[in-house]
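# Secondary and tertiary structure notes
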Amino acid sequence: MIVENSVVENNATPLVSVVMSAHNEDNTISRSITSIIAQSYQNWEFLIVDDGSSDRTLEICEKHKSLATRIRLLRKSKNIGLAKSLNLAIKASKGHFIARLDADDWCCPERLEEQVSDLQNNNEVDVLGSSVFLMENGVIQAEARMPLKHHAILENFRKRNI
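Procedures and definitions
Residues numbered from 1 in each chain as written. Predicted model: local features only at pLDDT ≥ 70, side-chain atom pairs only at ≥ 80, totals over all residues. Heavy atoms only, no water. Pairing = 2+ DSSP bridges. Helix = DSSP H or I, 4+ residues; strand = E, 2+ residues; numbered from the N terminus. Axes fitted to C-alpha atoms, helices over the stretch in contact; angles between N-to-C directions. 1 Å grid on protein atoms, 1.4 Å probe; cavity = no way out; pocket = protein on both sides within 12 Å on 5 of 7 lines; lining within 4 Å. Points joined across faces, edges and corners; volume = space filled by probe spheres on them. Nonpolar A, V, L, I, M, F, W, Y, C, P; charged D, E, K, R; others polar.

### A closer look at the sheet that holds strand β1 (residues 16-22)
With parallel pairing, four strands are arranged side by side in an open sheet as β3-β2-β1-β4. Only two strands of the sheet have a single neighbouring strand rather than two, namely β3 (71-76) and β4 (97-100). In this sheet, neighbouring strand axes are inclined to one another by 25° on average, regardless of whether the strands run parallel or antiparallel. Relative to β4, β1 is paired through four bridges, and the arrangement is parallel. Counterpart to Ser 17 in the pairing with β4 is Ile 98.

### What about the layout of surface pockets?
Roughly 1400 Å³ of volume is contained in the largest pocket. Lining the largest pocket are 41 residues; nearest its centre among them are Arg 111, Gln 115, Gly 129, Ser 130 and Ser 131. Among the secondary structure elements, those contributing two or more residues to the lining of the largest pocket are β4, α4 (111-121), β5 (132-136) and α5 (150-160). Looking at the lining of the largest pocket, the element that brings in the most residues is α4, giving seven residues. Class assignment for the residues of the lining of the largest pocket results in 22 nonpolar, seven polar and 12 charged.

The following block contains the structure:
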């Protein structure tokens, strides 16, 4: 059950902040941005860090920003790297929850709705995951099934970090 799913207006606080870093992603970023705009869950803001791109990434982001007021664009003139860029976006975020998306990925339309519902209905859950489809020319080539639930994610962390 989703408690709140209203569109964020002006200075209202979004429940979800989607963060993305992009460096020279002009071939893929438009589809990534569109996949967030098309989410069934609408109480979000989208922070995109253009990390010193020298291609059309910034131009594409600005075009989407002009059409969707919930997109916030942060610009670095020099590439600072993925981790620093994401930390910059997280520090600027207003949402209660953080969702992450790479500039060459896109989300299923129900992603945020399902994740927010899980987080709101399970107080013991702190982190959620998702599966990944590897696609080429719009055709699924492979699927990486990652842990989806809190307990399984923790178990996966323990196995990989020993």
